[in-house]
Amino acid sequence: MGYITYDSTGVLHIEDRALAHLKVVIATKLRRNESFTLSWRHLDDEPGGRSTIWLHPSIPLRFTFDEAEPPPLNQKWIEDLMHSANSSGGIQLVDEVVEESVA
């Protein structure tokens, strides 16, 4: 399980595969100088509830992965995350949809 360190104080723990996809979306938005929110539900071992942070290009952000090698990326999942990032509610970590190939 990797994590995002935000403003050198806040930490969001997240599974490496999801983090890799979020990194692409977040980096794309920040590279365009766009600000937005990121929301998530707290893990089971944390106090209940959810959190939202405001992401802005001037705020330090670090992605840390447990795995040394990046996972293969699912373009559909990136598109779904980008769609949520462009909404008024900001990025919501939506589940990955794996399309089965038809043989």
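Preceding block: the structure.
Conventions used here
Residues numbered from 1 in each chain as written. Predicted model: local features only at pLDDT ≥ 70, side-chain atom pairs only at ≥ 80, totals over all residues. Heavy atoms only, no water. Salt bridge = Lys/Arg side-chain N within 4 Å of Asp/Glu carboxyl O. Helix = DSSP H or I, 4+ residues; strand = E, 2+ residues; numbered from the N terminus. Buried < 20%, exposed > 50% of the residue type's maximum accessible area, 1.4 Å probe, protein only. Pairing = 2+ DSSP bridges. Axes fitted to C-alpha atoms, helices over the stretch in contact; angles between N-to-C directions. Core = buried A, V, L, I, M, F, W, Y, C linked by side-chain atoms within 4.5 Å. Contact = heavy atoms within 4.5 Å. Parallel < 35°, antiparallel > 145°, perpendicular 65-115°, else oblique. Left-handed = near helix turned anticlockwise from the far one by under 90°. Nonpolar A, V, L, I, M, F, W, Y, C, P; charged D, E, K, R; others polar.

*Asks:* So what exactly am I meant to see when it comes to the pattern of salt bridges here?
*Replies:* As a working rule, side chains carrying opposite charge can pair if their charged atoms are close by. Per the stated rule, a full pass over the model turns up three salt bridges. For Arg17, the salt bridge is made with Glu96, and the minimal N-O distance between the two is 2.7 Å. With a gap of 79 residues between them, Arg17 in helix 1 (residues 16-31) and Glu96 in the segment after strand 6 (91-92) connect regions that are remote in the sequence. Among the ionic pairs, Lys76 bridges to Asp80, the shortest N-O distance being 2.8 Å. Taken together, the residues Lys76 and Asp80, both in helix 2 (residues 75-85) and four residues apart, mark about one turn of the helix. Its relative accessible area of 33% is what places Lys76 among the partly exposed residues.

*Asks:* How should I be thinking about the sheet that holds strand 5 (residues 61-64) in this particular structure?
*Replies:* The antiparallel open sheet is built from three strands, whose spatial order is 2-1-5. The sheet terminates laterally at strand 2 (10-14) and strand 5, the two strands that pair on one side only. Adjacent strand axes in the sheet meet at a mean angle of 15°, parallel and antiparallel pairs treated alike. Inspection of the sheet shows strand 1 (residues 2-6) paired to strand 5 by four bridges, in the antiparallel sense.

*Asks:* Is there a simple way to think about the nonpolar core in this case?
*Replies:* Soluble, globular proteins show a tendency: their nonpolar side chains are buried together. Residues Leu22, Val25, Ile26, Leu38, Leu55 and Ile91 are the most contacted members of the largest nonpolar core, which totals 21 residues. Per-element tally for this core: the top contributor is helix 1, with six residues. Once residues lying within four places of it in the same chain are set aside, the contact partners of Ile26 are Ile4, Phe36, Leu38, Leu55, Leu61, Phe63 and Ile91.

*Asks:* How should I be thinking about the pairing of strand 1 in this particular structure?
*Replies:* For strand 1, a buried count of four out of five residues is recorded, marking the element as mostly surrounded by other parts of the structure. Two strands pair when backbone bridges link them, and strand 1 and strand 2 are joined in this way by five bridges, in the antiparallel orientation. What sits directly across from Thr5, in strand 2, is Val11. Hairpin connection, strand 1 to strand 2: the antiparallel pair is bridged by three residues, and Asp7 has positive phi, about 55°.

*Asks:* Looking at this structure, how should I read the packing of helix 1 against helix 2?
*Replies:* Helix-helix packing: each pair is described by the crossing angle between the helix axes and the interaxial distance. The N-to-C vectors of helix 1 and helix 2 enclose an angle of 50°; their axes lie 10 Å apart at closest approach. Between helix 1 and helix 2, the crossing angle belongs to the class labelled oblique. For the pair helix 1 and helix 2, the sense of crossing is right-handed. Only Trp77, Ile78, Leu81, Met82 and Ala85 of helix 2 make contact with helix 1, whose side of the interface consists of Arg17, Ala18, His21, Leu22, Val24, Val25, Thr28 and Lys29. Grouping the amino acids of the contact of helix 1 with helix 2 by side-chain chemistry returns nine nonpolar, two polar and two charged.

*Asks:* When you look at the sheet that holds strand 6 in this model, what are you seeing that I'm missing?
*Replies:* Through backbone hydrogen bonds, the strands of a sheet pair up, either in parallel or in antiparallel fashion. Read across the open sheet, the three strands follow the order 4-3-6; overall the sheet is mixed. Strands with a single pairing partner mark the edges of an open sheet, and in this sheet they are strand 4 (50-55) and strand 6. Along the sheet face, helix 1 touches strand 3 (36-41), strand 4 and strand 6 and points at about 160° away from the line of strand 3.

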